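Listed below are the residues making up each chain.
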Amino acid sequence: MQEYARSVVEAVIARDPGEPEFHQAVGEVFEAVTPVLETYPEYRESRILERLVEPERVIMFRVPWVDDRGDIQVNRGFRVQMNSAIGPYKGGLRFHPSVNLSTMKFLAFEQTFKNALTTLPMGGAKGGSDFQTRGRSDAEVMRFCQSFMTELYRHIGPHTDVPAGDIGVGGREIGYLFGQYKRLKNEFTGVLTGKGLGWGGSLVRPEATGYGVAYFLTEMLATRGDSLSGKTIAISGYGNVGTYFVEKAVELGAKVVSLGDEFGCVFDPDGISGEKLAYMADLWTVYRKSAKEYADKFGCEWRPGTKPWRSVKCDIAVPTAMQNEIDADDARALVANGCRVVCEAANMPCTPEAVRVFQEAGLLYAPGKAANAGGVATSGLEMSQNSMRLSWTREEVDRRLRQIMQSIHRACLEAAERFGSPGDYAVGANIAGFLKVADAMMDQGVV
Ligand code: 2IT
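Below you will find a few notes about this structure. All figures in this text were calculated on a predicted structure; none of them were measured in a lab. (Residues numbered from 1 in each chain as written. Predicted model: local features only at pLDDT ≥ 70, side-chain atom pairs only at ≥ 80, totals over all residues. Heavy atoms only, no water.)

## A word on the sheet that holds strand 10 (residues 301-304)
Reasoning step 1: Strand order across the open sheet formed by 3 strands is 8-9-10, with antiparallel pairing between neighbours. Single-partner strands in this sheet number two, and they are strand 8 (258-261) and strand 10. Averaged over all pairs of adjacent strands, the angle between their axes in this sheet comes to 20°, without regard to strand direction.
Reasoning step 2: Taken together, the 4 bridges between strand 8 and strand 9 (residues 264-267) define a ladder with antiparallel strand orientation. The residue bridging Asp261 from the neighbouring strand is Gly264, located in strand 9. (Pairing = 2+ DSSP bridges. Helix = DSSP H or I, 4+ residues; strand = E, 2+ residues; numbered from the N terminus. Axes fitted to C-alpha atoms, helices over the stretch in contact; angles between N-to-C directions.)

Structural data, given as structure tokens:
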């Protein structure tokens, strides 16, 4: 890493020692932009790196609520408003026990560069809570969401900050959050994305992250004269991203042979499709059950306490769950089992050591901030439709999503080529995102 970048990373670690995920995300981006910093000393003179790692605003708050037994529960709420150089803050809300300041800051940092890649005017943010939706009734989730929004509403708005869903926050939670915002503000505005179709949501937003990954993967394979047709794919999570990725990958001729959760993984050698895919889509959103139910229902093998990466033979790995779900040993197992392509559908699912294993083995590897940007891009399209007070057709939104994924793919390859790492999507994504944000910051002065 270049000396200036290294000194900023060291300062971040010294100042906030308890934030390993944030250090990891900052280290990866700053390593990648090293050639830019060497070519253009003005970024150093303007202290761009020091400013990028300091969130514009961090909001942390108490979220008290009453559970179904009448007991009082207290969770912690967050919104990290990282960077608004190119547009209002934008990024999801995550409800999961692993949520803390470090995970929020890493996700908001990644979101800043991802959003820049989408070609749409959106700054970077992330928020959420250490609340666990698993095992909670609808009424408990509603009371939690109402309490969460009762603090958050004063910090967001359609021109200020527009949250959306992420892990643990889907259509149900967005509904409760939107209802409470509207009640408190007495305003019906596009303050959240991922809304229901009858009240301001966009067609294709639920499918967008997963479809976008499949479109990005199609572009990656095309650079090798190849396609998704006939490929065997391993995925991990079975949430929104995993489900719609499978739907599009199957449509494009691939076979997806695994899914999983924190309890283990399912191996389905015949591939998930048809009735099985429909069940997978409902597994969490309707039944709120573990992936094991899929194995039980369809007579597939359930491998408790393991991740698919260790034992499933595949051409392509698409991590769809959580940060750092693929470590160096998982990566070596994937390579040994014949995997040739890794496309991140989750945010930062591969550790830096895992990425090194893939790159040394000559795999095609794409980082989440490029490959999974279709979700937030379609959120951007939802914002546009809300502002115009009209709705585009499914074909129109899907066409724009596909174009955006193609343009992100092109931008990654162009930036990688321009700065001496042809074919390196990680370097390309980070540089292309960085240049857009950094140049906007330079234009706007010391703010
Ligand atoms: O990680 C992500 O890009 C998201 N959770 C979607 C964010 C958004 O604002 O749609």
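## Digging into the nonpolar core
Nonpolar side chains in soluble globular proteins tend to be buried together.
Reasoning step 1: Core analysis: the largest hydrophobic core is formed by 103 residues, its most contacted members being Phe30, Phe109, Phe216, Leu217, Ile233, Val318 and Phe434.
Reasoning step 2: When residues in this core are grouped by element, the largest group, 11 residues, is from helix 19 (residues 425-443).
Reasoning step 3: Those residues in contact with Phe216 that sit more than four places away from it in its chain are Cys343, Ala366, Ala370, Ala371, Met405, Ile408, His409 and Tyr425.
Reasoning step 4: With 22 residues, the next largest nonpolar core counts Phe95, Met149, Leu152 and Ile156 among its residues. (Core = buried A, V, L, I, M, F, W, Y, C linked by side-chain atoms within 4.5 Å. Buried < 20%, exposed > 50% of the residue type's maximum accessible area, 1.4 Å probe, protein only. Contact = heavy atoms within 4.5 Å.)

## Things to note about the site of the ligand
Reasoning step 1: With respect to spatial proximity, 14 residues lie near the ligand, and among them Lys90, Lys114, Asp166, Arg205 and Ser379 are the closest.
Reasoning step 2: Asn347 has a polar side-chain atom sitting 3.1 Å from an oxygen atom of the ligand.
Reasoning step 3: Ser379 has a polar side-chain atom sitting 2.5 Å from an oxygen atom of the ligand.
Reasoning step 4: The fraction of the free accessible surface of the ligand (300 Å²) that becomes covered by protein chains is 94%.
Reasoning step 5: Secondary structure elements with two or more residues in the shell around the ligand: strand 3 (89-95), helix 6 (101-117) and helix 17 (374-388).
Reasoning step 6: Taken together, the residues that form the shell around the ligand break down as 2 nonpolar, 7 polar and 5 charged. (Near = heavy atom within 4 Å. Polar contact = N/O pair within 3.5 Å; in protein donor to acceptor, adjacent residues only side chain to side chain. Areas by Shrake-Rupley, 256 points an atom, 1.4 Å probe, with all protein chains shown as cover. Nonpolar A, V, L, I, M, F, W, Y, C, P; charged D, E, K, R; others polar.)

## Let's talk about the packing of aromatic side chains
Reasoning step 1: If you walk through the whole model with that rule in mind, you get 22 aromatic pairs.
Reasoning step 2: Judged by centre distance (5.8 Å) and plane angle (85°), the rings of Phe22 and Phe109 are edge-to-face. Highlighted residues: Phe22 in helix 2 (residues 20-32) and Phe109 in helix 6, separated in sequence by 87 residues. Neither residue differs from the other here; Phe22 and Phe109 are each classed as buried.
Reasoning step 3: Among the aromatic residues, those joined into a cluster by ring pairs are Phe61, Trp65, Phe95, Phe131, Phe144 and Phe148.
Reasoning step 4: A cation sits over an aromatic face here: Arg288 above Trp284, 5.2 Å from the ring centre.
Reasoning step 5: Positioned above the aromatic ring of Trp392, the side-chain terminus of Arg400 is 4.0 Å from the ring centre. (Phe/Tyr/Trp six-rings, centres within 6.5 Å; stacked < 30°, edge-to-face > 60°. Lys NZ or Arg CZ within 6 Å of the ring centre and 35° of its normal.)

## Focus: the environment of Phe148
Reasoning step 1: Locating Phe148 in the fold gives a position in helix 7 (residues 138-152).
Reasoning step 2: Take Phe148: its relative accessible area is 0%, and that puts it in the buried class.
Reasoning step 3: It is 42 Å that separates the C-alpha atoms of Phe148 and Pro35, two residues lying 113 residues apart in sequence.
Reasoning step 4: Apart from residues no more than four positions distant in its own chain, Phe148 is found in contact with Phe61, Val63, Gly77, Phe78, Leu93, Phe95, Gly128, Ser129 and Leu177.

## Considering a negative patch on the surface
Reasoning step 1: A contiguous patch of negative charge, built from Glu42, Glu45, Asp439 and Asp443, is present on the exposed surface.
Reasoning step 2: Only helix 4 (42-45) and helix 19 provide two or more residues apiece to the negative patch.
Reasoning step 3: On the secondary structure map, Asp439 appears in helix 19. (Patch = residues over 30% accessible without salt bridge, like charges linked within 9 Å, V, L, I, M, F, W, Y side chains within 5 Å. Salt bridge = Lys/Arg side-chain N within 4 Å of Asp/Glu carboxyl O. Lys, Arg positive; Asp, Glu negative; His and termini not counted. Charge placed at Lys NZ, Arg CZ, Asp CG, Glu CD.)

## Quick word on the layout of surface pockets
Reasoning step 1: Reported here for the second largest pocket is a volume of approximately 450 Å³.
Reasoning step 2: Lining the second largest pocket are 20 residues, with Gly190, Met383, Gln385, Asn386 and Ser387 positioned closest to its centre.
Reasoning step 3: Class assignment of the residues belonging to the lining of the second largest pocket gives a composition of 7 nonpolar, 11 polar and 2 charged. (1 Å grid on protein atoms, 1.4 Å probe; cavity = no way out; pocket = protein on both sides within 12 Å on 5 of 7 lines; lining within 4 Å. Points joined across faces, edges and corners; volume = space filled by probe spheres on them.)

## Looking at a nonpolar patch on the surface
Reasoning step 1: Nonpolar side chains collect at one region of the surface, where Val66, Ile72 and Val74 lie side by side and expose about 300 Å² of accessible area between them.
Reasoning step 2: Mapped onto the elements of the fold, Val66 is located in strand 1 (residues 57-66).

## Comments concerning helix 14 (residues 328-336)
Reasoning step 1: Among all positions in helix 14, only Ala328, Asp330, Ala331, Ala333 and Leu334 are buried.
Reasoning step 2: Packing partners of the buried residues in helix 14 comprise helix 13 (308-311), strand 11 (316-318) and helix 15 (352-360).
Reasoning step 3: The backbone nitrogen of Asp329 lies 3.1 Å from a side-chain oxygen of the residue at the head of helix 14, namely Asp327.
Reasoning step 4: Gly338 sits one or two residues past helix 14 and shows a positive phi near 95°.

## Considering the packing of helix 7 against helix 8 (residues 171-185)
Reasoning step 1: At a minimum axis distance of 8 Å, the contact between helix 7 and helix 8 shows a crossing angle of 45°. The orientation of helix 7 with respect to helix 8, classified from their angle, is oblique. Where helix 7 crosses over helix 8, the handedness of that crossing is right-handed. On the side of helix 7, the interface is formed by Asp138, Val141, Met142, Cys145, Gln146, Phe148, Met149 and Thr150, while helix 8 contributes Arg172, Glu173, Tyr176, Leu177, Gln180, Tyr181 and Leu184.
Reasoning step 2: When its residues are assigned to classes, the contact of helix 7 with helix 8 shows 9 nonpolar, 3 polar and 3 charged. (Parallel < 35°, antiparallel > 145°, perpendicular 65-115°, else oblique. Left-handed = near helix turned anticlockwise from the far one by under 90°.)

## Focus on the pattern of salt bridges
Reasoning step 1: The final tally for this structure, using the stated rule, is 29 salt bridges.
Reasoning step 2: Glu54 is paired through a salt bridge with Arg15; the nearest N and O atoms lie 3.6 Å apart. Here Glu54, found in the loop between helix 5 (48-52) and strand 1, pairs with Arg15, found in helix 1 (residues 3-15); they are 39 residues apart in sequence, far enough to count as distant.
Reasoning step 3: Judged by relative accessible area, which is 39%, Glu54 ranks as partly exposed.
Reasoning step 4: Here Arg15 falls in the exposed class, since its relative accessible area comes to 62%.
Reasoning step 5: One salt bridge in this structure joins Asp16 and Lys105, with 3.5 Å as the shortest N-O distance. With Asp16 in the loop between helix 1 and helix 2 and Lys105 in helix 6, this pair connects stretches of sequence that are 89 residues apart.
Reasoning step 6: What makes Asp16 partly exposed here is its relative accessible area of 24%.
Reasoning step 7: Classification of Lys105 as buried rests on a relative accessible area of 5%.
Reasoning step 8: Linked by salt bridges that have partners in common, Lys307, Arg310, Asp327 and Asp330 make up one network.

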